[in-house]
Amino acid sequence: MLSLIVIVLSAIAVAVNFVFTPEKLTPVVNQVANRTLNAQVEIGSVELTFFSSFPDFELKISDGRLVSKVFKDTLWQKSDTLLQFKKCAVSVNPLLYFQNNRVELRKFVFDDATIYAFIDSVGNPNWNIMRADASAVQQNADTVSSGFNSSININRVKFKDVSLIFDDRSTQMYSRIDSLNLDLKAFLSEDIADLRMKTSCKNILFWQDGELLANRIAFEFDTDLSLNRKTLFCNIERSSVNLNGISFDVGGSLHRDTIAKIIDVDLSYKLKTPDVATVLNMLPASVIKKSAVTAAGDVELSGSLKGAYGDKQVPVLTMLMKIQQASAHYKGMPYGIDNLTADLSCYLDVMKKKPSYLNMKIFRFQGAETDVLADGRIDDLMGDPLITFNTHAKVNFSALAKTFPLQDGVEMGGKVSADLKFKGRLSAVKEKDLGRLQIKGNVAIENVLFKDSNKDFNFKGNAKLGFIGDSSLAVGAKIYDLILKSRMGSAQVKQMSASVSTPVTEIDTTKVIPLDCKFALEEAKVIIGDTIRAYSQKTEASVGVRPSKMNVKKPVFDLYLRTDSLFMKANETRIGMDLAGFKISTFQGRDSLWHPKGTIGFNRLFFSTPEFGLPIRMQKTEVAFERNTVALRQAKVRIGHSDITATGSVSNLSKAIMKNELLTARLKVVSKRINCNQLIEALSGLENMDENAVETDTISSVSTDKARLFIVPKNVDLEFETNIGRVRYNHMIFENVRGKVQIKDQMINLENLSMKALDAMMRTSLLYKGDSSIDGYAGFNFDIYKINIGKLVTFIPELDTIVPMLRSFKGLVNFNIAAESRLDSLMNIRIPSLRAAVHIKGDSLVLLDGDTFRRLAKILMFKNKKENMFDSISVNITVDNGAVKVYPFVVEIDRYRAAVGGTQNLDMSFNYHVSILKSPLPFKAGVDLYGNLDKVKFRITRAKYKNMVSPVQIRQIDSTRINMGKVITSHFKRLVNN
């Protein structure tokens with residue numbers, strides 16, 4: 001026998017340590033589970049132990065995930081993830097089965113798990129994951145189970161920190177249990193099953209038909225259950241429920257009907273300790289200390305949960321609470337409760353088979369210089385609740401603070417008197433049809449104070465309210481010295497008066513009831529979170545409510561507001577106005593969003609944001625807006641040295657400020673002057689810019705670092721039709737600027753802009769994009785008419801590198817260039833990346849004196865050795881791959897007619913050829929000019945270009961240059977359109 005045991009143990013040792021290792025067992029379990037279940041099963045590790053848990057076998061599983069494929073094979077959603085857990089352990093003792101015919105489950109531990117039980121709209125659950133081809137296996141299991149007569153003993157089932165979600169779309173029910181902990185023991189025989197269970201959770205959330213019915217409920221449940229496995233009748237013998245510290249006894253039964261597929265529920269509950277002290281313990285512990293209390297009176301709190309639970313069936317909940325002639329006195333407090341009487345009942349049928357209601361027959365509180373008498377009722381609780389409430393109350397909060405032992409940091413004081421009658425449906429509030437609320441009576445609030453330092457909450461105020469509406473809302477109110485502070489924000493109002501009345505004499509119940517509301521505020525301040533602040537010195541407003549023409553059951557709100565000053569701040573964005581007026585109409589659309597439209601006018605406006613380095617100022621402007629679009633009409637704007645008069649529209653302004661979303665504008669801009677240097681620096685996000693810095697016209701006054709690369713913000717889509725008298729860019733002054741400017745996709749696009757600069761007329765298209773602070777792109781097409789060559793080189797300094805011969809000429813030329821290039825940090829063209837097509841045409845140009853010219857003039861016997869006049873010149877030049885090509889062109893100088901062409905390199909070396917076509921010489925010859933500007937060499941050679949300057953050849957050259965220009969222009973225009 002001993003040898004047999006040794007053999008068995010040895011076999012187990014070999015199997016556990018060499019055969020069923022985690023590395024070998026884990027992929028097998030994953031494979032079998034995925035083949036058996038209609039689900040995606042992922043298990044991180046599976047470990048089987050014996051000796052460390054002897055005499056039990058223990059199975060440990062970690063990092064498990066089970067995704068149901070009931071609804072989808074791929075592209076799973078949250079509702080498909082049935083189970084996810086961190087750790088799971090199962091321990092069984094197989095020896096007891098052979099010795100005592102008993103299955104012993106030592107433990108089943110589930111740790112850090114999420115269970116999502118989902119039922120779709122037609123009643124299909126996501127946990128129905130057994131494959132159809134497993135029916136034979138199931139049938140075999142049923143056959144085996146029919147002969148199974150062993151008892152099952154479950155020593156321990158433990159859930160730790162489990163989140164349970166039940167989402168039933170067929171009944172529109174959603175519930176979530178957070179941090180569920182469970183401890184369970186059970187014994188199962190052939191006839192009965194006994195269960196001992198203790199469970200708790202931190203919070204229960206419950207929704208039904210889109211309404212939040214329960215939240216922030218801490219729950220504990222301790223029970224003994226006995227189940228008859230043949231009749232499926234479960235008797236709950238000893239159970240207790242604790243809700244937020246209040247204990248209830250629960251008893252009853254559950255019966256499963258396998259044919260109807262429902263559970264018949266018959267449960268009742270009652271307060272575990274039905275006395276006044278228990279009721280007082282229901283007061284929130286965050287406000288009232290737990291303290292010894294002497295109490296008297298009768299208390300009853302009980303109810304039931306009865307009915308069927310199953311497909312589209314939920315049991316009915318009832319509740320009854322009665323307190324009769326109760327009194328109480330907290331130890332050490334000067335005041336006590338002299339009389340507390342209440343009669344409250346509730347009937348809740350979430351399936352709406354019968355009307356649900358909450359009925360408060362009476363509530364009476366007397367003591368501490370306070371007397372409150374109230375009654376009320378809420379009918380149609382699960383539909384459109386009809387609320388009826390009446391009260392006559394005098395409350396002294398200062399005395400109540402001496403009645404209840406308040407927590408440290410909690411204060412209250414002041415007095416309230418109320419004599420009110422209220423009747424109205426919840427839908428009137430939800431649909432903003434407030435005119436349907438029937439309120440009559442008066443409320444007076446005198447120095448009321450509520451303060452909780454632990455929660456950073458503070459309320460203080462005085463108010464008088466009068467309600468005179470029998471069939472509709474009518475209010476007169478005056479509020480002063482109001483202070484409200486919480487963690488969400490704060491509000492402060494020195495004084496506010498309000499009146500509400502109905503302008504019609506006959507009430508039409510089929511429409512929204514019209515209302516006229518008037519308000520007046522003095523010194524109002526609002527703070528929301530850490531980001532939004534608003535302040536108004538003195539404000540008058542009126543609000544009108546009327547039925548919409550499109551749907552008379554939907555309200556339209558008309559707001560007129562006038563304030564002497566208004567200041568707002570959102571993050572680091574600031575806006576301020578004085579003598580501002582608002583006229584706004586708004587309604588709620590089908591998308592549940594409010595759609596405002598109207599006008600805003602002001603005497604002065606100031607706006608600043610960190611995304612733009614200069615403040616924006618406006619004078620005496622009225623803007624119209626509709627929904628999220630602002631319309632400007634002759635709006636006068638000043639930004640630093642720039643003045644703008646804008647007409648057009650700006651869209652998505654509020655979302656651009658608050659959420660950094662896309663800002664869109666389409667504007668016609670008229671201006672006397674614009675300083676692009678300032679605006680570029682502002683767009684670059686520079687801070688602390690001096691908007692009042694002196695502006696001069698001298699080139700020397702502009703620092704060389706003014707023109708630097710900048711990145712256009714992402715969230716702008718701006719388009720301007722410009723008419724600008726004067727524009728400053730770098731050291732240049734442009735006048736009479738006309739054309740289209742577009743700022744979009746982090747690019748600036750100038751489209752067919754005309755202007756005057758350097759005493760010449762210009763027309764240009766340009767695309768700019770700054771990819772970073774050290775690298776950018778520019779593509780442009782310039783047409784310049786009759787510009788001085790010296791000024792042209794000043795305007796485009798890179799021409800001195802591309803065409804150094806220009807420095808030898810003076811006069812006026814027409815200049816055309818189509819080019820694109822990368823830019824460096826100072827916005828200089830990176831010559832190696834330049835692609836360009838250039839055309840220069842001029843008449844009566846003077847060739848300036850120079851060493852090279854003097855040497856040539858001496859050899860060629862020019863009449864005027866100091867300078868010579870060109871009758872005309874027309875040059876085509878292309879730049880590509882770091883090389884400059886000058887196509888042959890004809891020049892006439894002195895007694896000579898020649899063709900000139902060649903190449904120019906980026907190291908300033910060149911190789912030109914001059915073919916002499918007409919001269920006093922008896923033969924045709926050519927001159928090669930080569931070297932660099934510091935050392936020019938030449939030699940007499942044959943004429944290479946004598947056949948390349950015919951009209952046909954010149955047209956071909958023009959076509960080559962024009963085609964290259966078109967390719968360049970087309971490329972940067974494609975960048976704009978993409």
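Residues numbered from 1 in each chain as written. Predicted model: local features only at pLDDT ≥ 70, side-chain atom pairs only at ≥ 80, totals over all residues. Heavy atoms only, no water.

Colleague: Hey, could you go over helix α2 (residues 22-36) for me, with residue numbers and the actual values?
Modeller: With 15 residues, α2 extends 21 Å from end C-alpha to end C-alpha; this agrees with the ideal 21 Å at 1.5 Å per step. Burial in α2 covers these residues: Leu25, Thr26, Asn30 and Ala33. Buried residues along α2 cover an arc of 135° about the axis, so they all sit on one side. Along α2, the residues that are exposed and aim more than 90 degrees away from the buried face are Lys24, Gln31 and Arg35. (Helix = DSSP H or I, 4+ residues; strand = E, 2+ residues; numbered from the N terminus. Expected span 1.5 Å × (residues − 1). Buried < 20%, exposed > 50% of the residue type's maximum accessible area, 1.4 Å probe, protein only. Arc of directions from axis to C-beta.)

Colleague: Break down the packing of aromatic side chains for me, citing the residues and quoting the values.
Modeller: Counting across every chain of the model gives 16 aromatic pairs. Here the aromatic rings of phenylalanine 71 and phenylalanine 118 are separated by 5.6 Å at their centres, their planes lie at 90°, and the arrangement is edge-to-face. Of the two residues, phenylalanine 71 is situated in the loop between β2 (57-68) and β3 (81-93) and phenylalanine 118 in strand β4 (residues 102-119); the sequence distance between them amounts to 47 residues. For phenylalanine 118, a relative accessible area of 7% puts it in the buried group. Members of the aromatic cluster, connected to one another through ring pairs, are Phe85, Phe108, Phe110 and Phe159. For arginine 377, the ring lying beneath its charged end belongs to tyrosine 357, and the centroid distance is 4.7 Å. (Phe/Tyr/Trp six-rings, centres within 6.5 Å; stacked < 30°, edge-to-face > 60°. Lys NZ or Arg CZ within 6 Å of the ring centre and 35° of its normal.)

Colleague: Mind laying out unusual backbone geometry, listing which residues take part and the relevant values?
Modeller: At glutamine 746, a position not held by glycine, the phi torsion is positive, near 60°. On the secondary structure map, glutamine 746 appears in the loop between β36 (732-744) and β37 (747-757). For aspartate 759, which is not a glycine, the phi torsion comes out positive at approximately 60°. Note that aspartate 759 resides in the loop between β37 and β38 (760-770). Aspartate 759 sits in the exposed class, given a relative accessible area of 60%.

Colleague: Describe the nonpolar core, naming the residues involved and giving the relevant values.
Modeller: Phe734, Met762, Ile784 and Phe815 are the most contacted members of the largest nonpolar core, which totals 102 residues. No other element matches the six residues that strand β30 (residues 612-626) contributes to this core. The next biggest cluster of nonpolar side chains, apart from the first, holds 63 residues, and it includes Phe159, Leu271, Tyr330 and Val448. (Core = buried A, V, L, I, M, F, W, Y, C linked by side-chain atoms within 4.5 Å.)

Colleague: A description of the pattern of salt bridges should follow, citing residues and the corresponding values.
Modeller: Here the structure, examined in full by the defined rule, presents 28 salt bridges. Arginine 196 serves as the salt-bridge partner of aspartate 224, at 3.3 Å between the closest nitrogen and oxygen. Here aspartate 224, found in strand β10 (residues 219-228), pairs with arginine 196, found in strand β7 (residues 192-201); they are 28 residues apart in sequence, far enough to count as distant. By relative accessible area, arginine 196 is classed as partly exposed at 33%. Between glutamate 523 and lysine 494 there is a salt bridge; the shortest N-O distance is 3.9 Å. Highlighted residues: glutamate 523 in strand β25 (residues 515-528) and lysine 494 in strand β24 (residues 489-501), separated in sequence by 29 residues. Classification of lysine 494 by relative accessible area gives partly exposed; the value is 42%. Connected through shared salt-bridge partners, Arg666, Asp717, Glu719 and Lys740 make up one network. (Salt bridge = Lys/Arg side-chain N within 4 Å of Asp/Glu carboxyl O.)

Purely geometric numbers; function is a separate question.
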